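What follows is each chain in one-letter form.
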Amino acid sequence: MVVTRDTPSPVEKKQNGLLITGKITDAETKDGLPGVNVMVMRTLNGVISRRDGSFSIEAQPGDMLRFTYTGYESVQEQVGSAAYFPIAMKPSGAMGEVVVLGFGQSQKKIAQTGAVASISTREIKQSPAANIANALTGRLPGLVTVQRSGEPGNDGPELFIRGRATLNNNAPLITIDGVEKAPDVVELSSLDPNEVESVTILKDASATALYGVKGANGVIIIKTRRGREGKPAINTSVQTSVQEATRIPKYLDSYHFALLANEAYKNDNPNGVLLPYSAEALKAYESGSDPYKYPNVNWMNEMLKPALMTRANFNISGGSPMIKYFVNAGYTSQNGLYKAEKNDKYDASLKYRRYNFRSNIDIEFDKDFSVGLSLFGAIENQNTPNVNTQDIFNYLQKTPPNAYPIQYPNGLYGGTTRGNPFALVNTTGYRQYFNSSLSGMFTAMRRLDFITTGLFLKGNFSFDGYSRTSLTRSKEVKTALYKGSGDFNDTASYSFTGADVPLRTPESGYSQNRSTWLDFSLNYDRSFGAHNFTGLLLVNRQQKVLAGSSLIPFVSQGLVSRVTWNWRNKYFAEFNAGFNGTDNFAKNKRYGFFPAGSIGWVVSKEAFLENSSVIDYLKLRASYGLTGSDQLGNRRWLFISEYVSGTGYGFGTDQLTAIAGRQEGAMANADVTWEKARKLNIGVEVTLWRNLLSANVDVFREKRNDILITRGVIPDLLGVSAGNLTPANMGVVVNRGVELELNHRHRIGKVRYSLRANGSFARNKILFRDEISYPYDYLRGTGQQIGQIFGFTAIGFFNSQEEILNSPRQFGNLIPGDIKYKDLNGDGVIDNNDKGPIGRSTVPEFLYGISGNVSWKNFDVSVLFQGAGNYSARFSHEGAWEFYNGAKVMEQHLGRWTPETAATATYPALHYGQNTNNHQEFSSFFLKNATYLRLKNVEIGYTFRKLHIGKHTGISSLRVYANGMNLYTWDRMGNGSYDPEAPSGKGFFYPQLRVVNLGISADF
C-alpha cells in the first residue's frame, strides 16, 4: 500500500467529533476512486467515496479509519491532528482479483487454472437494453450471441459458449448466486441490470466438470449485488429511450411494382397481350391522382413507427458487521413499433411492462455462524394485438402497395382474403399476458474451526416459481375492395370479405412451472506454510415441475468434489469432479462420473523473470476433463416407450362409427446414457510494461462422443416420425478454437483512457451422424459443420437460348436471364443430387468486440464496436422472390436481368408468380454473407458533484448521460435487405432495434 499525507490542516470540530475529509486515488494512475468503503472501526459508521474519490466522515482522535475497495489492497489509517487524508490505494492486480466459480465458490484470479471470462455491472449498464442478455454481446470472449428479434418481451438472444459442439441443444447452463436455474422457470430477461454485480462464463472442463451431466455446453454464472458495511448508499436512476428498427427491407412503390409486373408477364408470355396493368393504371400510380382506385401504400411506413422505452431504478445498500443488505426495485416500460389506433373498448398496441424487486440480506451472528436470505420477484405484463407477430410481418411482406388503401373514405378497411395488415393489428381484438417470477434462497454457513482450522459447512435451499396467465378477446371487422366504379361512399361499390363480429367474451389460459434446489457442502480452506489448500464436497438435488409434463417432476441429483493446491502462488493444481445423473435414463445408465484436472504456473515469479522490465506477470495454465449432457430435444424418459392417442378406425357398414385408438409414440432404448464431452484447454496470461498492456490467450479442443441422436437410416415404412425414433448414443462432433483478450489503460495528463479487444473463433465438424447411404459424399452432413446449409450452387445467369440448350437440364421452361446452377455430379441434369454445401451455418464462427473508455475531468465517453463473421443468412419466398404468391417486389429486383443489362445484372429475369427454376428455397443465390461490424454502444456522460438539496441533505454525485445501442452496421447483406442477425426464412419476424437513450443517475 502507499499512503501520503499533506501538512496537517486545522481540524474542524463537530458536536459528535471531528470532520475528516480526504481524497482516495489509484496509487499508479492517480485517478480518483469512487465507491471506496470508508469506515470508522470503533463506531462502524461508514461512507462511500464520491465520483472523484473525495469523502468526508466524522471521527474522534485515535479512531482507526479503514479503506476497502474491490481490486485494491485495503488501507488503515489512525486519526490524529490532521483533518485531511489523501489516500493512495494500490491495485491488488491478479493477486487480489476474485473470480466467481460454480456452486457459489470463488477464487483469486492468480489461482485460477480454468478458462473463465467476466464483466461487471458497470459494463452491462452501458447498453440501454431491456433484456440483460443483449448487453453481453461483444464483451465476453467465448460467448456467441445472435439476437433474432427485437420484440418487447420476446427479444432474448441465442447464446452459445465456444460455438456449437452437439447435434442437440447447445444452450449453456445458467446459475444465479450458485443455484442452477431451469430456463423454463427463470429467464435472464426477467433480471434488472442494476441488481447484477457480475456475469461470468465458465468454458473449459476444469470450470464446468462440477456440473457433470449438465455442464457440457458451458455455464453462465450471475452474481447479484449484496450489501457492504457502511452507511446506507442510495442510487436512483431514470432513463428514456427512442427505439426504431435497425433495418427494414425496401420495397418498390405501386408504379414500379406495376412496371415490373408487366415486364415479368412478358417474360412468361412473350406473345401475351393481356398485361396486368394498363397505361392508364401506370399513369395513375405514378401521379397518385386516384389513391383509392389506384392506391400506393407503403405498408412498412404506415404500420411501423419509433417507440419509447422508459426504465427507472432505486436501490439501497449498506450495513454493519452483523447485518448487511441490498434492496433493489426496478421498472421497465417498452412500447412496440406498431401504429395502433386509439380504441375506447380495448388497447391493441404492443406494450411490455416489467416490475422488479430484489432483497439480499446477510447476517453474521458471530464469527462462526452466518445466514443469508435472498428474495427476487418480477412481474411482466404484455399487451399485444390478437394476431401473431409472424402473421403481422407475413402480411406486411406480401401485401402489394396497390392492393387496396388502408381505409376508404367511408371508413371501411381495404382488404381481401389476404388481409389488411393495419386492420389485423387494430380490429382483431387483443391479448394480454401476465407473467410472474418468484425466487427465494436461504443460505446458512457454520465454521468448524474447533475441529480443524478452515473447515466449514454451508447449505442452500432455493425455490423458483413461474406462472403465466393469458387473456384473449377476439373481434372481426369485414374488409372491402372497391370494384373500380361507383361512389366511394356507396357500399354497393365494394365487394366484402369477412363479417363484423363484436368483441367476444374473454378466453383465458394458465400455466405454472416451479423448481426447488437443495445443496449441502463441506468446505476446507487452509494454508500450511507456503502450501495453500481448498476443498469442497457438495451434494445437491434439483426437482422441477413443468406445465404440460403431467406434473411428474424432472429430477437430477449428484455429488460434487473439488480440491485445489498452490505453493507460494506460483505453482497450482486443481481437481474437480461431478458424479451426478438425471431421471432421463434407465437406472443402470442414470449416473456418470465427470472428472477434470488443471495446472498452472506463474512464470513471472521465477528468479529469471522477477526483475524483468518488460514482463510484469506471466502465467501458463492447462486443463483437461470430461463433462456431459442428457438432452435429446424435448424428449423425456428415453428408456420408456410411449403410446399416444391415434386416429382410430371407422367401424360399421352403412354408417361408419369412428372409434378412437392408440398408436406408438416415442420409441425407447434402455441402453442410452449421457453424451460425453472431452475438453482440452491451454491458456496464457501476460501483463507487460508496468500494467500498460495485458493479454489472455486460450486454445481449446472439444470432442463430443455418444451424442444422443435418433437413427437416420430407419425407413419411413416403419410408420414412426423421425423425432419419435429410437434414441442412440452415436453422434460424434469435434470443436476447436482460439480466444484472445487484450487490455490497455493509460493516462496522459488529465485524460485517462482504456482500450479492450476480445475475439473468439470456434469451428466444429461432424465426425459421425447416422445417415443413409448417399451416392455422393458432398450430400452427407458428416464431415460438415453443424447447421451447414445445403443447396444448389448458382454460377450466373443464362445469356442466350443457345446457352440453355447446351447446359445441363434444369427446372421448368427456361429463358435467358434465369439462374444457372452447377452440375456437381456431371450427369447433365440438375436435381437433388446437386445440392451440396453452400455458405456456412447460421451461427457465427467468429465474434469479437473492441471497446474504449476516455475520461477527462467530469466527462466520460465509452464506445463498443462488435462484429461477427463466418456465417450465413438464407431468405426465400416473400422475403426474397419477386411476385411470389402475389407479393410485392423489393429494391433488389430493380437489378434484374434484361438483354440490355445482361453484363451488369444482379438479379435474374423476372417472373410473374412462382418460378420453379429461380425460386429455389435452398440456392446459393439467395444466401447472404451475414458478416458484420456494428457500432454496438456509445455512451457520453457528465457528472456533477456535491450538490446540496437541503441543509443536511445532498447528492454526492449526479450523472447525466446519453447512450445508444445498434447505432450503425457495416455488412454485406446488400441494399434494402435485412439486419445481419435476422433469422433465415421468409422474413416474418419482428426487426432488431436501434436505441437512443437519455438518462440521469444520482448517488446519495
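Everything quoted here is computed from the prediction, not taken from an experiment. (Residues numbered from 1 in each chain as written. Predicted model: local features only at pLDDT ≥ 70, side-chain atom pairs only at ≥ 80, totals over all residues. Heavy atoms only, no water.)

1. Let's talk about the overall build of the protein chain
Scanning the protein chain from N- to C-terminus turns up 9 helices and 50 strands. For the protein chain, with 1004 residues in total, the buried portion stands at 52%. In the protein chain, 70% of the contacts between residues at least 6 apart in sequence involve partners at least 24 apart. Side-chain charges of the protein chain comprise 107 positive and 90 negative groups, with the mean position of each set lying 6 Å from the other. (Helix = DSSP H or I, 4+ residues; strand = E, 2+ residues; numbered from the N terminus. Buried < 20%, exposed > 50% of the residue type's maximum accessible area, 1.4 Å probe, protein only. Contact = heavy atoms within 4.5 Å. Lys, Arg positive; Asp, Glu negative; His and termini not counted. Charge placed at Lys NZ, Arg CZ, Asp CG, Glu CD.)

2. Section: the domain arrangement of the protein chain
Under the domain assignment, the protein chain is made up of domain 1 (18–89), domain 2 (98–225) and domain 3 (237–253 + 296–498). Summarising the inter-unit geometry, the C-alpha centres of domain 1 and domain 2 are found 35 Å apart. (Domains from an automatic or database assignment.)

3. Brief notes about the UniProt feature "domain: TonB-dependent receptor plug" (unreviewed entry) in the protein chain
Here the UniProt-annotated "domain: TonB-dependent receptor plug" (unreviewed entry) positions come out as residues 110–219. Across residues 110–219 one finds 7% helix and 25% strand; the C-alpha atoms that close the span lie 21 Å apart. (UniProt positions renumbered as here; feature names shortened; annotations may be inferred.)

4. Quick look at the sheet that holds strand E27 (residues 479–482)
Pairing is mixed in the open sheet, where 3 strands are placed in the order E24-E27-E28. Among the strands making up the open sheet, the edge pair consists of strand E24 (413–414) and strand E28 (494–497). (Pairing = 2+ DSSP bridges.)

5. Some details on the pairing of strand E19 (residues 230–245)
It is a general feature of regular strands that their side chains alternate between the two faces of the sheet. Note: E19 against strand E20 (residues 307–319), 12 bridges, orientation antiparallel. Within the sheet, the bridge partner assigned to Asn235 lies in E20 and is Asn315. Relative to strand E50 (residues 993–1003), E19 runs antiparallel, the two sharing 11 bridges. Directly across from Gln239, in E50, lies its bridge partner Gly999.

6. Side note on the pattern of salt bridges
Under the criterion given, the structure shown has 37 salt bridges. In this structure, Asp464 and Lys181 form a salt bridge, with 2.9 Å as the shortest nitrogen-oxygen distance. Here Asp464, found in strand E26 (residues 455–474), pairs with Lys181, found in strand E16 (residues 179–181); they are 283 residues apart in sequence, far enough to count as distant. Taking the shortest distance from any N to any O, the salt bridge between Arg994 and Glu244 comes out at 3.1 Å. Residue Arg994 is located in strand E50, and its partner Glu244 is located in strand E19; the two are separated by 750 residues in the primary sequence. In this structure Arg994 comes out as buried when scored by relative accessible area, which is 19%. Three or more residues are tied together by salt bridges with common partners; here these are Lys619, Arg621, Glu685 and Asp698. (Salt bridge = Lys/Arg side-chain N within 4 Å of Asp/Glu carboxyl O.)

7. A look at the sheet that holds strand E17 (residues 196–202)
An order of E12-E17-E18-E15-E16 is seen for the 5 strands of this open sheet, with the pairing classed as mixed. With partners counted over all chains shown, the strands left at the sheet margins are strand E12 (116–120) and E16, one partner each. On average, each strand axis in the sheet is inclined to that of its neighbour by 25°, with strand direction left out of account. Sheet topology places E17 next to strand E18 (residues 219–224); 6 bridges connect them, and they run antiparallel. Bridging from a neighbouring strand, Val199 pairs with Ile222 of E18. (Axes fitted to C-alpha atoms, helices over the stretch in contact; angles between N-to-C directions.)

8. Section: the nonpolar core
Tyr338 and Ile392 are the most contacted members of the largest nonpolar core, which has 80 residues in total. The residue makeup of this core includes at least three contributed by each of domain 2 (98–225) and domain 3 (237–253 + 296–498). Leaving out residues up to four positions away in the same chain, Tyr338 has contacts with Met303, Leu304, Lys305, Leu350, Pro385, Thr389, Ile392, Phe393, Val425 and Tyr990. Core analysis: the next-biggest nonpolar cluster, separate from the first, contains 27 residues, Ile124, Ala135, Ala182 and Leu188 among them. (Core = buried A, V, L, I, M, F, W, Y, C linked by side-chain atoms within 4.5 Å.)

9. Side note on the side chain of Asn705
With respect to the helices and strands, the residue Asn705 is situated in strand E38 (residues 693–710). Given a relative accessible area of 17%, Asn705 falls into the buried group. Sequence-distant contacts of Asn705, defined by excluding residues within four places in its chain, comprise Glu675, Lys676, Arg678, Gly731 and Val732.

10. Re the side chain of Thr627
Within the fold, Thr627 resides in strand E34 (residues 615–629). Those residues in contact with Thr627 that sit more than four places away from it in its chain are Ala205, Thr208, Ala209, Gly212, Gly215, Ala216, Phe594, Glu675, Lys676, Ala677 and Lys679.

11. Section: helix H7 (residues 389–398)
Within H7, 7 of the 10 residues are buried, leaving the element largely enclosed by the surrounding structure. If you check which residues of H7 are buried, you get Thr389, Ile392, Phe393, Asn394, Leu396, Gln397 and Lys398.

12. Examining helix H4 (residues 254–268)
End to end, H4 covers 21 Å across 15 residues, agreeing with the expected 21 Å (1.5 Å per residue, within 8%). All buried positions along H4 are accounted for by Ser254, Tyr255, Phe257, Ala258, Leu260, Ala261, Asn262, Glu263, Ala264 and Tyr265. Where H4 is buried, its residues contact helix H5 (279–287). (Expected span 1.5 Å × (residues − 1).)

13. What about the packing of H4 against H5?
Orientation of H4 relative to H5, taken along the N-to-C sense of each, is 150°, at an axis distance of 8 Å. When the axis of H4 is compared with that of H5, the two are roughly antiparallel. Residue-level contacts link Ser254, Tyr255, Ala258, Leu259 and Asn262 of H4 to Leu282, Tyr285 and Glu286 of H5. In the contact of H4 with H5, the residues fall into 5 nonpolar, 2 polar and 1 charged. (Parallel < 35°, antiparallel > 145°, perpendicular 65-115°, else oblique. Nonpolar A, V, L, I, M, F, W, Y, C, P; charged D, E, K, R; others polar.)

14. Regarding empty space enclosed by the protein
The probe, sized like a water molecule, is rolled over the atoms to show the empty space still left. Counted by the stated rule, this structure contains 11 cavities of 30 Å³ or more. Reported here for the largest cavity is a volume of approximately 110 Å³. Surrounding the largest cavity, Ile176, Asp177, Lys181, Val186, Arg358, Ser374, Leu375, Phe376, Ser439, Gly440 and Met441 form its lining. Along the lines of polarity and charge, the residues of the lining of the largest cavity split into 5 nonpolar, 3 polar and 3 charged. In terms of domain composition, the lining of the largest cavity takes at least three residues from each of domain 2 (98–225) and domain 3 (237–253 + 296–498). (1 Å grid on protein atoms, 1.4 Å probe; cavity = no way out; pocket = protein on both sides within 12 Å on 5 of 7 lines; lining within 4 Å. Points joined across faces, edges and corners; volume = space filled by probe spheres on them.)

15. Quick notes on the packing of aromatic side chains
Enumeration according to the criterion identifies 44 aromatic pairs in this entry. Feature note: the residues Phe257, Tyr277, Tyr285, Tyr294, Phe883 and Tyr912 constitute an aromatic cluster, connected by ring pairs. The positively charged end of Lys544 is found above the aromatic ring belonging to Phe554, 5.6 Å away from the centroid. The ring of Tyr932 has Arg934 lying over it, and the distance from NZ or CZ to the ring centre is 4.9 Å. (Phe/Tyr/Trp six-rings, centres within 6.5 Å; stacked < 30°, edge-to-face > 60°. Lys NZ or Arg CZ within 6 Å of the ring centre and 35° of its normal.)

16. Quick word on the pairing of E20
Looking at chain direction, E20 and strand E21 (residues 323–335) are connected through 11 bridges and run antiparallel. Residue pairing in the sheet places Ile316 in a bridge with Val327 of E21. The hairpin turn running from E20 into E21, its antiparallel successor, is 3 residues long.

17. Thoughts on the environment of Ser118
Looking at the secondary structure, you find Ser118 in strand E12. By relative accessible area, which is 40% here, Ser118 ends up partly exposed. Sequence separation between Ser118 and Ser641 is 523 residues; the distance between their C-alpha atoms is 44 Å. Sequence-distant contacts of Ser118, defined by excluding residues within four places in its chain, comprise Leu140, Ser198, Val199 and Thr200.

18. Some points on the environment of Gln397
In this structure, Gln397 sits in helix H7. In sequence terms Gln397 and Ile748 are 351 residues apart; their C-alpha atoms lie 54 Å from each other. Ignoring any residue separated from it by four or fewer positions in sequence, one finds Gln397 in contact with Pro249, Tyr251, Met300, Glu878, Ala887, Lys888, Tyr978, Lys986, Gly987 and Phe988.

19. Some thoughts on the environment of Gly498
Among the structural elements, Gly498 can be located in the loop between E28 and strand E29 (507–528). Under the relative-accessibility criterion, Gly498 is labelled exposed at 62%. Along the primary structure Gly498 and Gly419 are separated by 79 residues, whereas in three dimensions their C-alpha atoms are 9.9 Å apart.

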